[in-house]
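Structural features, examined
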Amino acid sequence: MIGCVGSTPMVRLSRCFPEPDVEVLAKLEMLNPGGSMKDRPARFIVEQGLADGTLRPGMRLVESTSGNLGIALAMAAGLHGLSFTAVVDPKTSPTNLRLLELFGADVEVVSESDEAGGYLHARVRRAQELVRSIPNAVQINQYANELNWQAYHETAGEEILDSVDGPIDYLVAAVSTTGSIQGIARRLRQDNPELEVIAVDAVGSVIFGAPAGPRQIPGFGASRVPEIYDPGEIDDVLHIADAESTAGCRRLLTTEKVFAGGSSGAVIAGVEHLISRLGGPARIVTVLPDRGERYLDLVYDDEWAASLPDPWQEPEAVTP
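Let me begin by describing the structure that accompanies this report. (Residues numbered from 1 in each chain as written. Predicted model: local features only at pLDDT ≥ 70, side-chain atom pairs only at ≥ 80, totals over all residues. Heavy atoms only, no water.)

Right, let's talk about the overall build of the chain for a bit. Looking only at helices and strands, one finds 10 helices and 10 strands in the chain. Relative to the 2.2 N^0.38 estimate, which gives 20 Å for 320 residues, the radius of gyration of the chain is 19 Å and therefore close to what a compact globule would have. For the chain, the spread of C-alpha atoms along the principal axes amounts to about 60 × 40 × 35 Å. Burial statistics for the chain: of 320 residues in total, 59% are counted as buried. Considering only contacts within the chain whose residues lie at least 6 apart along the sequence, 71% involve residues at least 24 apart. On the chain, roughly 13000 Å² of surface is accessible, and the fraction owed to carbon and sulfur atoms is 49%. Of note, the chain has its 26 positive side-chain charges centred 5 Å away from the centre of its 45 negative side-chain charges. (Helix = DSSP H or I, 4+ residues; strand = E, 2+ residues; numbered from the N terminus. Rg over C-alpha atoms; globule rule 2.2 N^0.38 Å. Buried < 20%, exposed > 50% of the residue type's maximum accessible area, 1.4 Å probe, protein only. Contact = heavy atoms within 4.5 Å. Areas by Shrake-Rupley, 256 points an atom, 1.4 Å probe, with all protein chains shown as cover. Lys, Arg positive; Asp, Glu negative; His and termini not counted. Charge placed at Lys NZ, Arg CZ, Asp CG, Glu CD.)

In structure tokens:
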């Protein structure tokens, strides 16, 4: 199964974005075997570690995760003779918790919020404590691990260039660790030096200097600035509210029959904002990170969606 990671298809979202002069091409990362784009760094980090000797069969991986990377690491670790502990929090969905268990992960739940009002800092500290207390344990540390962005540079970025005939004007992608957007951007810019990179972040995320606030969609945005983030890689930032992300998911499903997760809806909203300000023809490439099944109790639940505050009329733009 680990050999099936990558080579995901790209589709033109011509029904979702029917503008005649704009081509929107989306990479369907939910078709990775573990259900998300996080299969790429999980495989890359594990196999690189085994190749250079920093990992050996029988060791334990530990990582703070809201779901997708944990599921991917559980799959990669189990197939390579490693153990895995996922450090999660109360906002982790029941579906993701069950998937982690089914894939063979040990699950550690952090129940007390941290100084930022969320759980990320608390999860990271707990992961560090576990690594210190468990023999032969290693923390993946996706926010600081350079192999994170390198995985996307070597795989997804290369695949996009192989699939797209001609220049690419914009890359629009959701962010959390910033690994995927930076890795893909660095590879695309080698062939498309004029590429503009638009980060789609959650309202309430602090990655790009916006004020912290509550966020309801897991795996999108962050309450800390990732160590691997390089401001020079991002040209513009759009902050998308939970309600806009939810509407984007439903629009994508209605128009294209693509059943995608919460951050994909944010990307759809971000692309819509970008198109509204374009002055001419453009080719936009984007990435749809994961599947919709893990969000049935969130963005696809009518009662949950109705409880969200009204989205901003205009997303907040922050100069990176």
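That was the structure; now back to the text.
It is at 3 Å that the axes of helix 5 (residues 146–154) and helix 6 (residues 156–163) come closest, and there the two elements cross at 20°. As judged from the angle between their axes, helix 5 and helix 6 are roughly parallel. Each of Ala 151, Tyr 152, His 153 and Glu 154 in helix 5 lies in contact with helix 6, whose residues at this interface are Ala 156, Gly 157 and Glu 158. A per-class count over the contact of helix 5 with helix 6 returns three nonpolar, two polar and two charged. (Axes fitted to C-alpha atoms, helices over the stretch in contact; angles between N-to-C directions. Parallel < 35°, antiparallel > 145°, perpendicular 65-115°, else oblique. Nonpolar A, V, L, I, M, F, W, Y, C, P; charged D, E, K, R; others polar.)

Turning to the layout of surface pockets, a few remarks are in order. Quantified by volume, the largest pocket comes out at close to 860 Å³. Residue composition of the lining of the largest pocket, by class: 18 nonpolar, 22 polar and seven charged. (1 Å grid on protein atoms, 1.4 Å probe; cavity = no way out; pocket = protein on both sides within 12 Å on 5 of 7 lines; lining within 4 Å. Points joined across faces, edges and corners; volume = space filled by probe spheres on them.)

Moving on, we come to empty space enclosed by the protein. The final tally for this structure, using the stated rule, is three cavities of 30 Å³ or more. Reported here for the largest cavity is a volume of approximately 40 Å³. For the largest cavity, the full set of lining residues is Glu 63, Ser 64, Val 124, Gln 139, Asn 141, Gln 142, Tyr 143 and Arg 224. For the lining of the largest cavity, a count of residues per class yields two nonpolar, four polar and two charged.

Further remarks concern the sheet that holds strand 3 (residues 60–64). Two pairing modes exist for strands in a sheet, parallel and antiparallel, and in both the strands are linked by backbone hydrogen bonds. Taking strand neighbours across the sheet as the criterion, the four strands line up as 5-4-3-6 in an open arrangement whose pairing is parallel. With partners counted over all chains shown, the strands left at the sheet margins are strand 5 (106–109) and strand 6 (137–139), one partner each. On average, each strand axis in the sheet is tilted by 25° relative to the strand beside it, whichever way the strands run. Here strand 4 (residues 83–88) pairs with strand 5 via four bridges, running parallel. Bridging from a neighbouring strand, Ala 86 pairs with Val 107 of strand 5. (Pairing = 2+ DSSP bridges.)

Let's shift gears to unusual backbone geometry. In the Ramachandran plot, Asn 141 falls in the positive-phi region, its phi being about 55° despite a non-glycine side chain. Tracing the sequence through the fold places Asn 141 in the loop between strand 6 and helix 5. Non-glycine residue Thr 178 carries a positive phi angle of around 75°. Mapped onto the fold, Thr 178 is located in the loop between strand 7 (170–174) and helix 7 (179–191).

Turning our attention to the sheet that holds strand 1 (residues 10–12). With mixed pairing, six strands are arranged side by side in an open sheet as 1-2-10-7-8-9. Strands at the two margins of the open sheet, each flanked by one partner only, are strand 1 and strand 9 (236–240). Direction aside, neighbouring strands of the sheet carry axes that sit 25° apart on average. Pairing of strand 8 (residues 196–202) with strand 9, which is carried by five bridges, proceeds in the parallel orientation. Opposite Ala 199, over in strand 9, you have Val 237 as the bridge partner.

Of the residues making up helix 6, those classed as buried are Ala 156, Gly 157, Glu 159, Ile 160 and Leu 161. Tucked inside the fold, the buried residues of helix 6 contact strand 1, strand 2 (22–28), helix 1 (39–52), helix 5, helix 7 and strand 10 (282–288).

With that settled, the discussion passes to the pairing of strand 10. For a regular strand, side-chain orientation follows a simple rule: the groups alternate between the two sheet faces. Most of strand 10 sits inside the fold, with seven of its seven residues counted as buried. Judged by which residues are buried, strand 10 turns out to be covered on both faces: Ala 282, Ile 284, Thr 286 and Leu 288 on one side and Arg 283, Val 285 and Val 287 on the other are all buried. Relative to strand 10, strand 2 runs parallel, the two being bridged by seven bridges. Residue pairing for strand 10: Glu 23 is matched across the bridge by Arg 283.

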